[in-house]
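# Per-entry structural report
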Amino acid sequence: VTTAQPNAGLADLDGVVLDHEVQAQLDGAAAMAGGEPSWRARKRAEAHRLLALARIAGPQRLAVHMLDLADEFRAVVRLNTPVAMTPDPNGALRVADGAVLGIRYPQQALAQPMPGFAFVRLLSPPVGAWYPNLCAEHLLCLGASMPAGIPVTELVLGSWGLLTMQSVMLDPSDHAGVMNADAAAWWSEHADLMPLTAEPFLRPDRGREEAGPC
Amino acid sequence: MIVPTDRMPEFMGLARGVNPRALLAGTRVVLIGVGSVGARAALHCGRCGVGELVLVDGKPFGPNFFTQATRGARDVGRGKASTVARWVRAVAPDTTVRAYARPIEAVPWSALEGADLAIASTDNLPAEVEAGRRFLALGRPLVMASVHGPSLTAEVRTFSNRDADRPCPACCFTEAERRQLDGQVRFSCDPSGAARARVTGPPTASVSPLCSIAADLAVIELLSIRLGLGAELGDRVRQYNFYTHATTTTPLARNRACPVEHVVLHRAAVARRPGDCTLRECAAAAGVRDDDEFLRTTIDVDGMVYAARVTCLRCGADAPHHRFLRPGAPTRRRCASCGGPGLVPHPFHTHERFLPRRAESPELCHVPLRSLGATPACVIVRGPQHAALVTHQPDDGGPPT
């Protein structure tokens, strides 16, 4: 058990020192990384930043369960966030606790813009999540276009914004559209429930408590 | 019957014994983008007697009569690839024309792998990058034609793609260009395999003759490369400015920070169709003999994805699948948990490349691809030491059946 680095912020992720076990997890994934040297180095750097983000956010916010750098960048993370679920028969919103996300980042995303749903899949809860920007296959749409080379940590922060409904797109007439029109209509009528939490991703009191390995 | 007049010139400097007409008749050219520039280039290729053209363009003609070579309103809304194919067949009945009405990203490698050369003329960044990546991997020259209307400049960039240290189109983008194009590309929120990049910036403004000149220059470059005329094939950009009538040639070099994969695939052959071979056999044909290296390879089965798991959209249950599928194709499996009608490939566990290391069951590497649902025309193997495009070549060395 170690203490998270209290002063580290999103701009300091490259300098965050990882716990021994986490560093070993990163080294193990990097040893199996495939592709050209520049792509391997980029995957390792993205993995380090993701683990560093988990480190400074603390396990009560983000935990990295799996890293796979063999081909594309792949990770499974647990994001401790409220998750909106399909309203019950009385129309009341149900809320689940925590989301498991599968993140995929192909090499082509370094060179060209990608669709907003290209990166993040909601693995858990497996069904019933209730978001305008979540499709039937549980892909999260983070925007109309993701710029080339977007960092993985931005995908995590974007997912936080989407799942907490701090950032939301409800307008089906927007050219990018919504992925669940029923949910968009429901949320338009229940705008008072947004956001599910107003907490920022990095809590101001982080680092003042003991944090476990990420 | 009309017999066309043969007016092929006796090119100066043509190597002795080379018959240009025969050489061009045996040439296959891929045209990526057949709009204002590419349609004209396709027609030139047909008139020059190029034997086979592959036209790639996923868009229909719009009401842009200012630069496009359309025949007017009747062509608006028609697919560019199929329409231009029809035009080429009309002027060059001996040319085989295949049209792919889809973006280059969705064209199978087997449609491109026999090409001798490609011409790209598109204002779509993802298409340019993908065309560059693919023809670098295939080791075949790529000529990119474009125009800058306000300065009356026509430009032809030539990528020799001789080896992996050569530049690709993405090597030439400046950071400002990347940012600008990032801001111009939008996608629809439709993950059903139909997501298409849409360039939202202002359309390329030009005039019809400038587009025509860019097409002319691209096809002249093609003839020079194919017939070995003039300067040696190199990596360069040639700009022709019609204010100053100046011609500028600038060499292109690889950008070491280029984010695009720079790999040239060598050609390898298997004696049976790839669908009748195992993944291990395909890798062995590519030169991967060592088991350790095999575990570090990635394998593309052309035009297919590998679904390690499938998921039920109704109840969320997922199950092992271990089959290759066409992107977007149904699995024809019912959910064992809820009886739901359609299990779909699990988005997180469906891969464009198969990784032997990740295979939950090593036996998958030792059964014919056909039994895993794949009957590809080619397979691409990438390992730490070997990278190859594997196709069928019968033992007698004759053409594949």
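Scroll up for the structure.
Since this is a predicted model, take the numbers as computed values, not measurements. (Residues numbered from 1 in each chain as written. Chains lettered and ligands numbered in written order. Predicted model: local features only at pLDDT ≥ 70, side-chain atom pairs only at ≥ 80, totals over all residues. Heavy atoms only, no water.)

## Digging into the sheet that holds strand 12 (residues 298–301) of chain B
All names here are of chain B. The strand order across the open sheet formed by four strands is 11-18-17-12, and the pairing between neighbours is mixed. Strands at the two margins of the open sheet, each flanked by one partner only, are strand 11 (266–270) and strand 12. Taken over all neighbouring pairs, the strand axes of this sheet differ in orientation by 25° on average, direction set aside. Taken together, the four bridges between strand 12 and strand 17 (residues 378–382) define a ladder with antiparallel strand orientation. The residue of strand 17 that forms the bridge with Ile299 is Val381. (Pairing = 2+ DSSP bridges. Helix = DSSP H or I, 4+ residues; strand = E, 2+ residues; numbered from the N terminus. Axes fitted to C-alpha atoms, helices over the stretch in contact; angles between N-to-C directions.)

## Details of the sheet that holds strand 5 (residues 142–148) of chain B
All names here are of chain B. Here eight strands make up an open sheet; going across it, the order is 3-2-1-4-5-6-9-10 and the pairing mixed. Every interior strand has two partners, whereas the edge strands, strand 3 (96–100) and strand 10 (246–251), have only one. Along the sheet, successive strands turn relative to each other by an average axial angle of 15°, direction set aside. Bridging between strand 5 and strand 6 (residues 153–159) involves seven bridges; their strand directions are antiparallel. Each residue of the ladder has a partner; that of Val147, found in strand 6, is Ala154.

## A short note on the layout of surface pockets
The calculated volume of the second largest pocket comes to roughly 490 Å³. What lines the second largest pocket is a set of 26 residues, and nearest its centre among them are Gly34(A), Gly35(A), Glu36(A), Gly383(B) and Pro384(B). Residue classes in the lining of the second largest pocket are distributed as nine nonpolar, nine polar and eight charged. (1 Å grid on protein atoms, 1.4 Å probe; cavity = no way out; pocket = protein on both sides within 12 Å on 5 of 7 lines; lining within 4 Å. Points joined across faces, edges and corners; volume = space filled by probe spheres on them. Nonpolar A, V, L, I, M, F, W, Y, C, P; charged D, E, K, R; others polar.)

## Details of the side chain of Arg382(B)
Residue and element names in this part refer to chain B. Mapped onto the secondary structure, Arg382 falls in strand 17. According to the relative accessible area criterion, Arg382 is buried, its value standing at 7%. Only 3.3 Å separates the side chain of Arg382 from the side chain of Glu261, close enough to count as a polar contact. Among the polar contacts made by the side chain of Arg382, one reaches the side chain of Asp300 at a distance of 3.5 Å. (Buried < 20%, exposed > 50% of the residue type's maximum accessible area, 1.4 Å probe, protein only. Polar contact = N/O pair within 3.5 Å; in protein donor to acceptor, adjacent residues only side chain to side chain.)

## Observations regarding the interface of chain B and chain A
Counting residues at the interface gives 39 residues for chain B and 40 residues for chain A. With both sides pooled, the region where chain B packs onto chain A buries about 3,300 Å², and carbon together with sulfur makes up 58% of that total. Here chain B and chain A share four salt bridges between them. When contributions to the side of chain B that touches chain A are tallied by element, the ones reaching two or more residues are helix 5 (125–138), helix 6 (175–184), strand 7 (185–186) and strand 16 (350–351) of chain B. (Contact = heavy atoms within 4.5 Å. Buried area = accessible area lost by both parts, 1.4 Å probe. Salt bridge = Lys/Arg side-chain N within 4 Å of Asp/Glu carboxyl O.)

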